[in-house]
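Coordinate analysis (summary)
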Amino acid sequence: MTFNLDAYLARLRIDAPPATSAGLARLQEAHLCAIAFEAIDPLTGRVPALDPDALHRKLVVGGRGGYCFEQNSLFFLALSALGFEAEPVMARVRNGGPRGGARTHLAHVVHLEGRVWLADVGFGGGGARWPVPVERHRLDYQPGEVYRVVHDAQTGEIVLQRFAEDGWSGLYGFERLKVLPVDVEAANHLCATWAKAPFSSNLMLHRLRPDGRIGVFNTKVNELRDGVKTSREICSVAELHDLLVDAFGLAIGEADLALIAARLGLSAGEMAQAGA
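My aim in this report is to walk through the structure given alongside it, one point at a time. Bear in mind that the values here come from a model prediction, so they are computed numbers and not experimental data.

Right, let's get into the sheet that holds strand β6 (residues 140-142). Across the sheet, which stays open at both edges, the eight strands sit in the order β5-β4-β3-β2-β9-β8-β7-β6 with antiparallel pairing between neighbours. Two strands in the sheet have a free side with no partner beyond their single neighbour: β5 (132-133) and β6. Against the sheet, helix α6 (residues 181-193) makes contact with β2 (85-93) and β3 (103-112), and its axis sits at roughly 140 degrees relative to β3, the strand it touches most.

Shown next as structure tokens:
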């Protein structure tokens, strides 16, 4: 199918932004707020489809979110339709470590106004609200957060870092190598099925909000609102259902809810209450 830009923008609840740095920032933030990061398909035994039809059915009109390969594949279609010059990069996730593992993250660099920007709507927790300039050691101040890009001489990678309580933390590193569709397809299948990837064995959710963020790892819910952090546990299937629907805006059927609850060890006897 031809990419339906109007339907995508309606999902984000914005008008078409101009192909400028401000327009790119608006698009990335709107996408992150509207379409939740979630890896429910791998958790329930499915490999997400990445063709444009499938992305449209699931993320645009189907009331679902997705993980990086889905989110950033859809984002690339939007960038291209809006006149942005974007190229994919495959990254090694570090999560604060000195180096990453396999190339299991998809993001994009965008050439714009004589600069290069790292644009990413699929990293989940800790990812930047706005695109980050790919300029070494330039501090990029965003609401409540600071990012920078550095060069790792040992690995040869460009590394996105976020300032945390204990100093600079590497989120992921990438090289400016040519990425083919088959590379993304293979990495998507690996991440959805590989026991060493976190997605097939953990509930992972994240959504940006105008005033902060909300994230879930299995039964732990972390929220940030106006700089205030809170944590709580999901204790029932009813809580899980309400969280998925209300906080993350996800359309989840009873079968998937039952599978997720079982993976989390929540009592099957609470299913009737969740569907009430």
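For Asp-51, the position within the fold is in the loop between α3 (40-43) and α4 (52-60). A C-alpha to C-alpha distance of 13 Å links Asp-51 and Asn-4, two positions 47 residues apart in sequence.

Right, let's talk about the sheet that holds strand β1 (residues 37-38) for a bit. If you trace the five strands from one edge of the open sheet to the other, you get β1-β10-β11-β12-β13, paired in antiparallel fashion. Each edge of the open sheet is held by one strand with a lone partner, namely β1 and β13 (228-233). Here strand β11 (residues 212-217) runs beside strand β12 (residues 220-225); their pairing, made up of six bridges, is antiparallel. Bridge pairing in β12 links Ile-214 to Glu-223.

The next thing to look at is the packing of aromatic side chains. Counted by the stated rule, this structure contains five aromatic pairs. Plain terms: the ring middles of Tyr-67 and Phe-199 are 5.1 Å apart, the flat faces sit at 85 degrees to each other, and that makes the pair edge-to-face. Of this pair, Tyr-67 sits in the loop between α4 and α5 (68-81) while Phe-199 sits in the loop between α6 and β10 (204-209); the two residues are 132 residues apart in sequence, bridging distant segments of the chain. Of the two residues examined, Tyr-67 and Phe-199, each falls in the buried class. Each ring, one from Phe-163 and one from Trp-168, has its centre 5.2 Å from the other, and the planes form 75 degrees; the classification is edge-to-face. Here Phe-163 falls in the partly exposed class, since its relative accessible area comes to 45%. Here the aromatic residues Tyr-67, Phe-69 and Phe-199 are joined through ring pairs into a cluster of three or more.

Rules behind the numbers
- In this convention, every chain numbers its residues from 1, walking through the sequence in written order.
- pLDDT decides what is reported in this predicted model: residues at 70 or higher carry local features, side-chain atom pairs at 80 or more are listed and counted, and totals for whole chains, interfaces and linings draw on all residues regardless.
- In computing side-chain properties, one takes all heavy atoms of the structure into account and sets aside hydrogens as well as water.
- Any two strands are treated as partners once DSSP identifies two or more bridges connecting them.
- Here a strand is any run of E in DSSP of at least two residues, a helix any run of H or I of at least four, and the numbering for each starts at the N terminus.
- Note on contacts: a residue pair qualifies if any of its non-hydrogen atoms lie within 4.5 Å across the two residues.
- Axes, fitted as lines to C-alpha atoms, cover a helix only where it is in contact. Angles between the N-to-C directions of the axes lie from 0 to 180 degrees.
- Ring pairs shown here join Phe, Tyr and Trp side chains whose ring centres sit within 6.5 Å, with only the six-membered ring taken for Trp; geometry is labelled stacked below 30 degrees between planes, edge-to-face above 60, and tilted in between.
- Accessible area is worked out with a 1.4 Å probe on protein chains only. A residue is then buried under 20% of its type maximum, exposed over 50%, and partly exposed in between.

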